[in-house]
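Close look at the chain arrangement
For reference, the chains in residue letters:
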Protein chains: 2
Amino acid sequence: MPRSVDVARLAGVSQKTVSRVFNDEPYVSADVRRRVLDAAEQLGYRLNNAARALASGRTRSIGVIALGTALYGPASLLLGIERAARDTGYALHVVSTAEGDPAGVAGAVSSLLDQGVDGIVVSEPIDDGPVPVKVDVPVLVLGAPPAFAAPRVLTASVNAHDMARVATEHLLDLGHATVHHVAGPQRWFAAKDRLDGWRAALAARDAAEPPVFEGDWSAGSGYEAGRQLPADATAVFAANDDMAIGLIRALTEAGRKVPEDVSVVGFDDVPVAAYVTPPLTTVRQPFDSVAREGLALLVHAIEQPGQALPVTDGQQVDLIVRASTAPPPA
Amino acid sequence: MPRSVDVARLAGVSQKTVSRVFNDEPYVSADVRRRVLDAAEQLGYRLNNAARALASGRTRSIGVIALGTALYGPASLLLGIERAARDTGYALHVVSTAEGDPAGVAGAVSSLLDQGVDGIVVSEPIDDGPVPVKVDVPVLVLGAPPAFAAPRVLTASVNAHDMARVATEHLLDLGHATVHHVAGPQRWFAAKDRLDGWRAALAARDAAEPPVFEGDWSAGSGYEAGRQLPADATAVFAANDDMAIGLIRALTEAGRKVPEDVSVVGFDDVPVAAYVTPPLTTVRQPFDSVAREGLALLVHAIEQPGQALPVTDGQQVDLIVRASTAPPPA
DNA sequence: GTGAAAGCGCTAACAC
DNA sequence: GTGTTAGCGCTTTCAC
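What counts, and where the lines are drawn
Residues numbered from 1 in each chain as written. Chains lettered and ligands numbered in written order. Predicted model: local features only at pLDDT ≥ 70, side-chain atom pairs only at ≥ 80, totals over all residues. Heavy atoms only, no water. Domains from an automatic or database assignment. Contact = heavy atoms within 4.5 Å. Buried area = accessible area lost by both parts, 1.4 Å probe. Helix = DSSP H or I, 4+ residues; strand = E, 2+ residues; numbered from the N terminus. Expected span 1.5 Å × (residues − 1). Buried < 20%, exposed > 50% of the residue type's maximum accessible area, 1.4 Å probe, protein only. Near = heavy atom within 4 Å. Polar contact = N/O pair within 3.5 Å; in protein donor to acceptor, adjacent residues only side chain to side chain. Nonpolar A, V, L, I, M, F, W, Y, C, P; charged D, E, K, R; others polar. UniProt positions renumbered as here; feature names shortened; annotations may be inferred. Phe/Tyr/Trp six-rings, centres within 6.5 Å; stacked < 30°, edge-to-face > 60°. Pairing = 2+ DSSP bridges. Axes fitted to C-alpha atoms, helices over the stretch in contact; angles between N-to-C directions. Least-squares fit on C-alpha atoms with pLDDT ≥ 70 in both.

- You'll find chain A entered in an unreviewed UniProt entry as LacI family DNA-binding transcriptional regulator, with Lentzea rhizosphaerae given as the organism.

A look at the domain arrangement of chain A
Residue and element names in this part refer to chain A.
- On domain assignment, one finds that chain A holds domain 1 (4-47), domain 2 (56-157 + 287-315) and domain 3 (160-285).
- Averaged C-alpha coordinates put domain 2 and domain 3 at centres separated by 30 Å.
- At the junction of the two partners, domain 2 supplies 15 residues and domain 3 supplies 13 residues.
- Taken as a group, Tyr 72, Asp 127 and Phe 287 account for 37% of the area that domain 2 buries against domain 3, more than any other trio of residues on that side.

A short note on helix α8 (residues 189-204) of chain B
Residues and elements named next belong to chain B.
- Counted at 1.5 Å a residue, the expected span for α8 with its 16 residues is 22 Å, and the 22 Å between its end C-alpha atoms agrees.
- Buried residues of α8: Phe 189, Ala 190, Ala 191, Arg 194, Leu 195, Gly 197, Trp 198, Ala 201 and Leu 202, and no others.
- Here the buried face of α8 lies against α7 (160-173), β6 (180-183) and β8 (235-238).
- Following α8 by one or two positions, Asp 206 has its phi on the positive side, about 60°.

Some points on the protein's contact with DNA strand C
- In the vicinity of DNA strand C lie 25 residues, with Thr17(A), Arg20(A), Ser4(B), Ser19(B) and Tyr45(B) positioned nearest.
- Within 4 Å of the protein, the contacting atoms of DNA strand C are 64% sugar and phosphate, with bases supplying the remainder.
- Within the backbone of Ser14(A), an N or O atom sits 2.9 Å from a phosphate oxygen of DNA strand C.
- At a separation of 2.7 Å, a base oxygen of DNA strand C approaches a polar side-chain atom of Arg20(A).
- Listed by contribution, the elements that provide at least two residues to the surface near DNA strand C are α2 (15-22) and α4 (49-56) of chain A together with α2 (15-22) and α4 (49-56) of chain B.
- For the surface near DNA strand C, the element with the highest residue contribution is α4(B), accounting for four residues.
- For the surface near DNA strand C, the residue count by class is ten nonpolar, nine polar and six charged.

Thoughts on the UniProt feature "domain: HTH lacI-type" (unreviewed entry) in chain A
- UniProt tags residues 2-56 of chain A as "domain: HTH lacI-type" (unreviewed entry).
- As annotated, residues 2-56 of chain A comprises 69% helix and 0% strand, and the C-alpha atoms at either end are separated by 20 Å.

Description of the packing of aromatic side chains
- Evaluation of the coordinates by the stated rule reveals ten aromatic pairs over all chains.
- Centre to centre, the rings of Phe22(A) and Tyr45(A) are 5.1 Å apart; their planes meet at 80°, and the pair counts as edge-to-face. Of the two residues, Phe22(A) sits in helix α2 while Tyr45(A) sits in the loop between α3 (30-43) and α4, which places them 23 residues apart along the sequence.
- Accessibility expressed as a relative area gives 13% for Tyr45(A), which makes it buried.
- Judged by centre distance (6.3 Å) and plane angle (75°), the ring pair of Tyr72(B) and Phe287(B) falls under edge-to-face. Remark: Phe287(B) occurs in helix α11 (residues 287-303) and Tyr72(B) occurs in helix α5 (residues 72-88); sequence separation between them is 215 residues.
- For Tyr72(B), a relative accessible area of 25% puts it in the partly exposed group.
- Taking the relative accessible area as the measure of exposure, Phe287(B) reaches 6% and is therefore buried.

Some words on the sheet that holds strand β7 (residues 213-214) of chain A
Residue and element names in this part refer to chain A.
- If you trace the four strands from one edge of the open sheet to the other, you get β7-β6-β8-β9, paired in parallel fashion. Of all strands in the sheet, those bounded by a partner on one side alone are β7 and β9 (263-265).
- Pairing of strand β8 (residues 235-238) with β9, which is carried by three bridges, proceeds in the parallel orientation. When the sheet's bridge partners are listed, Val 236 is paired in β9 with Val 264.
- Where helix α8 (residues 189-204) meets the sheet, it contacts β6 (180-183) and β8, and its direction lies at approximately 175° from that of β6.

A look at unusual backbone geometry
- A cis amide bond, omega 10°, links Val258(A) with the succeeding residue Pro259(A).
- As for its position among the elements, Pro259(A) is in the loop between α10 (241-253) and β9.
- The omega angle of the peptide bond from Thr277(B) to Pro278(B) is -10°, so this bond is cis rather than trans.
- With respect to the helices and strands, the residue Pro278(B) is situated in the loop between β9 (263-265) and β10 (282-284).
- Of note, the phi angle at Asp206(A) is positive, near 55°, even though the residue is not glycine.

So, the relation of the copies chain B and chain A
- The two copies are related by a screw operation: chain B maps onto chain A through 180° of rotation and 0.0 Å of translation along the axis, at an RMSD of 0.1 Å. Taken together, the rotation and translation describe the operation of a two-fold axis.
- A shared binding surface is used by both copies, with 100% of the interface residues of chain B retained as interface residues in chain A.

Structure, rendered in structure tokens:
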């Protein structure tokens, strides 16, 4: 592998000048810059990242702790983070944690620190208690209040609370006396937020708050919820689309028509939501913009430590009305 | 940040001995090992990866080129790769490419090489023509024949051909005269394999081969296929579950009952497959085992270059029969 | 605008 | 079993 000295020799300049060119530093004449780039091209030179990291103390990479699940939400968020990271010029290290993993987030953080990342993103965190690792880089927690003790913890989140409120209000607006809720696992902050938003919407309208069914995000748990849904229920807000689909399946089997007898709203807008029977009313999560905002914060914290963080504004809520919701039966 | 010399000083040994302990090298007495680990613990010492990489010439990391989509298949594969990489002790760098991205795979490879990975995994490749980058590390292509020119290219794949064949045979076995196919985009090797398997199954039974509808993996394209499905068709094999779901939606709207009038088989076994109406017959992809086998090959190629590669055996096919398939109408 | 020297924190090769 | 000596290929600092 060619080194920067080789390029320097061929271009007839010092090694430091090669370094200047490859780091886009000022004070290099256009002529020299050209000669260096030509020489590099000719030799097939690439900057050695390990050497650069060792000398500079920074790796220009960030680590993501993802959930080990192909669920639409977490997978979309991960992709959003990758795109956003690429745009900021940072490389991305990914580690996943399974739910209930004993090593868990602490182990994941530790392995990322071993890899020498400049910052860490915790995607879709679960409330697993405090994280007992000393972290000396900024941490961005996506979708939850600061859940662990590090010197610099940042947060960005989809406004799940408002999204859930809007979904619930949509059903109340249609004339339903109240709205039932099939919640996600309450150890997930994302699930808690949705439940809170639903609760807030009911309270604001003085609607009775029916008991909550807590699912596990799977269509199977939604199905189970559907089998247990009280006979007088006319509207349900499910905390994700998969559970909504399972719920509808159970209702269909029981001879209860959606939306004539029972209206259902989901959450996520998964790609098939428009094509299930009936097409699902749902709210779409703005994964990309959350990832982008969050990473901007993180990069800022990495590159301008100590400085105040830029403020970001919340996203608008995207309610997508399809055929699974209607006024209650007469 | 403490360095290994600091640990050495505290433990009363040489710096090299600290290195030995942290690399699990032999020839360190149990007593010395303990002292070193205690000292490291006390100082909060972590091995510096950049220095290690610079000195050893290896980063112990591999890069993945993932597709920029939250589709169930690609997302599952990515997670499988992450788990497998973790098990082998390699860190994972992820880059995604959007379909039709001009920089494309070449740009992704280049950025991973800049990051200094020891090997590269190309997940779910698309036939985008040759990749014009000089690659000097082993490359594992998951799910396709060697599509690019690098000194060491390996392949591992789900046996999509056989899986498609089994799916098609299931329908023929039920008595259908032939089976229609809603294919995936043919630039994807994965889509091509499924089409070939379907074609092979028909040929083996001397069944007529109806024209193929080429979708784009989305439920919407499956819906479109459903609208165009000939009136005499009684069985369809869709190249993924989302398209199958869209297809069923279109048939339902047209008053054609599934499975009474038309049988449908999907591909993937997405989590909601069992809960759509009707529950979908499909084949499950063994993402985890493919990722595991592939990474074993890659790590072998990294660590024992030149040696023959271990042979891996294909996976069995997992046909999951649910309610979307039945004998043809009388 | 450009260059020389020092050193980032490890591993490799070899001596003891 | 353990220690010594050289780098790995850059960035940093400072001189010109």
